[in-house]
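For reference, the chains in residue letters:
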Amino acid sequence: MIDLRTLTIKKAHEHLKNGDFSVTDLVNEYLKVIKEKNNEINAYVEVYSDISEQVKIAEDMFKNGTATLMTGIPVALKDNMLFEGHIASASSHMLENYKATYDSSIVKQLKDQGVVFLGRTNMDEFAMGSSTETSAYGNTKNPLDTSRVPGGSSGGAVASLAMDGALVSLGSDTGGSIRQPAAFCGLVGLKPTYGAVSRFGIISMGSSLDQVGPFGKNVEDAEILFNAINAYDEKDSTSVKKEERIAPLPLKKKIGVPRSFLSGDGIDKEILKNFEESCQKLEKAGYQIVDISLPLIKYSLAVYYIICPAEVSSNLARYDGIRYGLHAEADKLYEVYTKSRGKGFGKEVRRRILLGTYILSYGYYDAYYNTAIKVRNAIKEELKNAFLDVDAIITPTSPLMPFKFGEKLEDPISMYLADLFSVPANIADIPAISIPSGKNNEGLPFSLHIMAPLFREDILFAIGKDFEKQV
Ligand code: GLN
C-alpha cells in the first residue's frame with residue numbers, strides 16, 4: 001500500500017529510484033482509487049487506454065538511467081489539452097468525438113520526461129464557468145463535500161487530485177480556472193505568467209488570457225510541475241524567450257494588501273476574517289504587510305467580461321460544423337452552421353458568443369472592446385508601479401466559499417463574481433498562486449491568493465512555502 005495522501009513528487013521519485021515500488025505499482029494504486037471513486041466524483045471523463053504503454057516508457061527510463069524528477073509521475077490532464085490519438089473535447093458536445101492529431105507542446109514536453117497521463121478530466125464547457133456545471137458530461141463533485149461544486153472551470157483536474165486519483169494535475173486559467181477550484185478543494189494552484197507556458201495545442205478560450213498551470217497538494221509539487229512545462233515554444237507566438245524574461249531581483253520581504261478592493265459587497269465575512277489571520281501568519285514568517293492603493297483593479301472583472309467574450313466569439317467561430325466536431329445535416333450552408341452550433345454548444349458558451357459578437361460589432365467595438373483594452377493597459381501599469389514597492393500582492397482567492405450545485409448556475413452575474421480576485425492577474429499577464437489557508441468549522445477550505453510581477457513565479461513559491469509552514 002502506498003500512502004497516496006502524503007505522497008509528493010519528490011517522495012515518489014525517491015521510492016521509484018530506490019525500487020521500493022515500480023511505476024506500475026504506483027499507477028495501479030491511482031487506478032484503483034479512480035475505479036473506487038470516479039463514479040461518484042466524476043473527476044475523469046476518460047481514463048486512457050494506453051496507460052501500460054506509457055508506464056513501460058517510464059520504467060525503461062529508470063532502467064537506462066535517463067529518468068528525471070517527473071518520470072513515472074501520474075498526471076491528470078484537463079479535457080482541453082491535445083494528446084495525440086486521444087479525444088480532447090473541452091467537455092462539449094461540439095468536440096465529443098474529436099481525436100487530437102498532434103500533441104500539445106506541454107504534453108510533448110511531459111512525454112519526453114516520461115510522465116504517465118492517466119486521463120482527461122471534466123471541465124466547464126470550453127472552460128467557461130466557475131463550477132464545472134456547464135460541462136456536457138455532468139457535474140463533478142467536490143471530494144471534500146460532495147453536495148458542493150469543486151469550482152471551475154478545471155473542476156475535474158482539481159477533484160482528481162483531491163480524491164487521490166492523480167499525484168498532480170494540469171488545468172488552464174483564463175480568469176481563475178486554476179486558482180478558484182484549487183481554493184474550493186483545498187489544494188495549491190498556479191497560473192503562470194502569460195507567455196511562460198506554451199498554449200500550442202490547448203483548445204483556446206480567450207487567447208490573450210489563457211495559461212496552463214499545475215495543481216499540487218503543496219507548493220513544491222506545483223513548482224516542480226511548473227518547471228517541467230515552463231519553456232519557450234516557437235509554435236506559440238506569444239511564448240517569451242528565457243533571455244527576454246525579467247531577471248530575478250532579491251526579495252524585499254514586503255507584501256501589499258489592496259485594502260479598498262477587499263471592502264466590496266459580496267465578499268464572505270468568514271473569508272475576510274481568515275484573510276486577516278493569513279496576513280498575521282505572513283508577518284510571523286518575517287514579511288512586512290503594508291496597505292497599498294490600487295484604485296483601478298476593481299475594474300478588472302468588467303474588463304474581463306468584455307475582452308474574454310470578444311475573444312471567445314472569434315476563437316469559437318472555427319466550429320462551423322464542417323472543419324471540426326459536430327456536424328448537423330441541412331440543405332443550406334448557413335443552416336449547417338446554425339444547426340451544428342446550436343446543437344453542439346451549451347447555454348453558457350452561446351451566451352458568451354452572443355456577448356462577444358455584440359461587443360465586436362460595428363458601432364460598439366470602440367465603446368466596449370477598445371475601451372476595455374485601454375483600461376486593461378491602465379491596470380497593467382497600476383500593478384507594475386505597485387510592484388516597485390512590494391514583492392507581492394495578496395487577497396483571498398475567492399470571495400465565496402464552495403457553493404452547492406445549482407446555487408449560481410441560473411444567475412450568471414453571481415457566478416461571474418467568483419472571479420473577482422483571480423481575474424486581475426490574467427488582465428495584467430502576471431503570475432498568481434492559490435494556497436490553502438485553513439478550514440471553517442464545516443471543514444470547507446479557505447485560500448490565500450498571491451500575485452507577483454511578470455515571470456516572478458519564484459516569489460510565489462518562496463512566499464508560498466513560508467506560508468505553508470505557518471498554516
Ligand atoms: N470563471 C471564469 C469564466 O467563466 C474563468 C474561466 C477560466 O479561467 N477558464 O470565464
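Novice: Before we go on, may I ask you to explain the overall build of the chain in this structure?
Specialist: Counting its secondary structure elements, the chain contains 15 helices and eleven strands. Computed over its C-alpha atoms, the radius of gyration of the chain comes to 21 Å, within 12% of the 23 Å expected for a compact globule of 471 residues. In terms of its C-alpha atoms, the chain occupies a principal-axis envelope of roughly 70 × 65 × 50 Å. Evaluated residue by residue, the chain yields a buried proportion of 61% over its 471 residues. Total accessible area on the chain is roughly 18300 Å²; 53% of this is exposed by carbon and sulfur atoms. Between the averaged position of the 53 positive side-chain charges in the chain and that of its 60 negative side-chain charges there is a distance of 1 Å.

Novice: I would appreciate a short explanation of the pairing of strand 6 (residues 211-216) in the present structure.
Specialist: Every other side chain in a regular strand lies on the same face of the sheet, so the side chains alternate between the two faces. Taking burial as the measure, the six residues of strand 6 include six buried ones, the bulk of the element. Judged from the five bridges that link them, strand 4 (residues 168-173) and strand 6 form a sheet pairing that is antiparallel. Its bridge partner lying in strand 6, Gly171 is registered against Gly213. Of the pairings in the sheet, the one linking strand 5 (residues 188-191) to strand 6 comprises two bridges and is antiparallel in character. Paired with Val188 across the two strands is Gly216, which belongs to strand 6.

Novice: Whenever I open this one, the confidence of the model for the chain confuses me. Can you help?
Specialist: Regions with low pLDDT should not have their predicted coordinates read in detail. Overall, the predicted model of the chain reaches an average pLDDT of 97, with 100% of residues at or above 70. Mean pLDDT values for the elements of the chain range from 89 in helix 13 (residues 412-416) up to 99 in strand 5.

Novice: Is there a simple way to think about a nonpolar patch on the surface in this case?
Specialist: Taken together, the side chains of Tyr358, Tyr364 and Tyr368 present a nonpolar region at the surface, about 280 Å² in accessible area. Among the structural elements, Tyr358 can be located in helix 11 (residues 347-359).

Novice: What should I look at first to understand the layout of surface pockets in this one?
Specialist: Remark: the empty space left among the atoms is shown by a probe the size of a water molecule rolled over them. Computed from the structure, the largest pocket encloses a volume of approximately 440 Å³. Contributing to the lining of the largest pocket are 20 residues, with Ile246, Lys384, Phe387, Pro453 and Leu454 lying nearest its centre. When its residues are assigned to classes, the lining of the largest pocket shows 14 nonpolar, no polar and six charged. The computed volume of the second largest pocket comes to approximately 330 Å³. Looking at the second largest pocket, it is lined by 15 residues, and the ones nearest its centre are Gly186, Leu187, Lys217, Pro436 and Lys439.

Novice: Mind showing me how you'd approach the packing of aromatic side chains here?
Specialist: Two numbers describe a pair of aromatic rings. These are the distance of the centres and the angle of the planes. Taken as a whole, this structure holds 17 aromatic pairs when the rule is applied. Taken together, the ring pairs in this structure connect Tyr98, Phe126, Tyr319, Tyr324 and Phe345 into an aromatic cluster. In this structure, Lys253 packs its charged tip against the face of Tyr287, placed 4.4 Å from the ring centre. Just above the ring of Phe403 sits the side chain of Lys408; from NZ or CZ to the centre is 5.5 Å.

Novice: Got a minute to help me understand the packing of helix 8 (residues 269-284) against helix 15 (residues 457-470) in this structure?
Specialist: Axes are the key here: two packed helices are described by the angle between their axes and the distance separating the axes. Helix 15 packs onto helix 8 with a crossing angle of 105 degrees between their chain directions and a minimal axis gap of 9 Å. As far as their axial angle goes, helix 15 and helix 8 are roughly perpendicular. Mapping the contact onto sequence places Ser278, Lys281, Leu282 and Lys284 in helix 8 and Ile463, Phe467 and Gln470 in helix 15. Grouping the amino acids of the contact of helix 8 with helix 15 by side-chain chemistry returns three nonpolar, two polar and two charged.

Novice: Explain the environment of Ala328 here, please?
Specialist: On the secondary structure map, Ala328 appears in the loop between helix 9 (300-315) and helix 10 (333-344). Judged by relative accessible area, which is 4%, Ala328 ranks as buried. Beyond its immediate stretch of four places on either side in the chain, Ala328 contacts Val336, Lys339, Ser340 and Lys343.

Novice: Is there a simple way to think about the pattern of salt bridges in this case?
Specialist: Side chains that differ in charge, positive against negative, can pair when their charged atoms come close. Within this structure, the stated rule accounts for 28 salt bridges. Its salt-bridge partner being Arg120, residue Glu46 comes within 2.7 Å of it at the nearest N-O pair. With a gap of 74 residues between them, Glu46 in strand 1 (residues 44-47) and Arg120 in strand 3 (residues 116-121) connect regions that are remote in the sequence. For Glu46, a relative accessible area of 23% puts it in the partly exposed group. Measuring nitrogen to oxygen at the nearest pair gives 2.9 Å for the salt bridge that ties Glu348 to Arg351. One end of the pair, Glu348, and the other, Arg351, are both in helix 11, three residues apart, so they sit about a helical turn from each other. Glu348 gets classed as buried once you look at its relative accessible area, which sits at 9%. For Arg351, a relative accessible area of 27% puts it in the partly exposed group.

Calculation notes
Residues numbered from 1 in each chain as written. Predicted model: local features only at pLDDT ≥ 70, side-chain atom pairs only at ≥ 80, totals over all residues. Heavy atoms only, no water. Helix = DSSP H or I, 4+ residues; strand = E, 2+ residues; numbered from the N terminus. Rg over C-alpha atoms; globule rule 2.2 N^0.38 Å. Buried < 20%, exposed > 50% of the residue type's maximum accessible area, 1.4 Å probe, protein only. Areas by Shrake-Rupley, 256 points an atom, 1.4 Å probe, with all protein chains shown as cover. Lys, Arg positive; Asp, Glu negative; His and termini not counted. Charge placed at Lys NZ, Arg CZ, Asp CG, Glu CD. Pairing = 2+ DSSP bridges. pLDDT = per-residue confidence, 0-100. Patch = residues over 30% accessible without salt bridge, like charges linked within 9 Å, V, L, I, M, F, W, Y side chains within 5 Å. Salt bridge = Lys/Arg side-chain N within 4 Å of Asp/Glu carboxyl O. 1 Å grid on protein atoms, 1.4 Å probe; cavity = no way out; pocket = protein on both sides within 12 Å on 5 of 7 lines; lining within 4 Å. Points joined across faces, edges and corners; volume = space filled by probe spheres on them. Nonpolar A, V, L, I, M, F, W, Y, C, P; charged D, E, K, R; others polar. Phe/Tyr/Trp six-rings, centres within 6.5 Å; stacked < 30°, edge-to-face > 60°. Lys NZ or Arg CZ within 6 Å of the ring centre and 35° of its normal. Axes fitted to C-alpha atoms, helices over the stretch in contact; angles between N-to-C directions. Parallel < 35°, antiparallel > 145°, perpendicular 65-115°, else oblique. Contact = heavy atoms within 4.5 Å.

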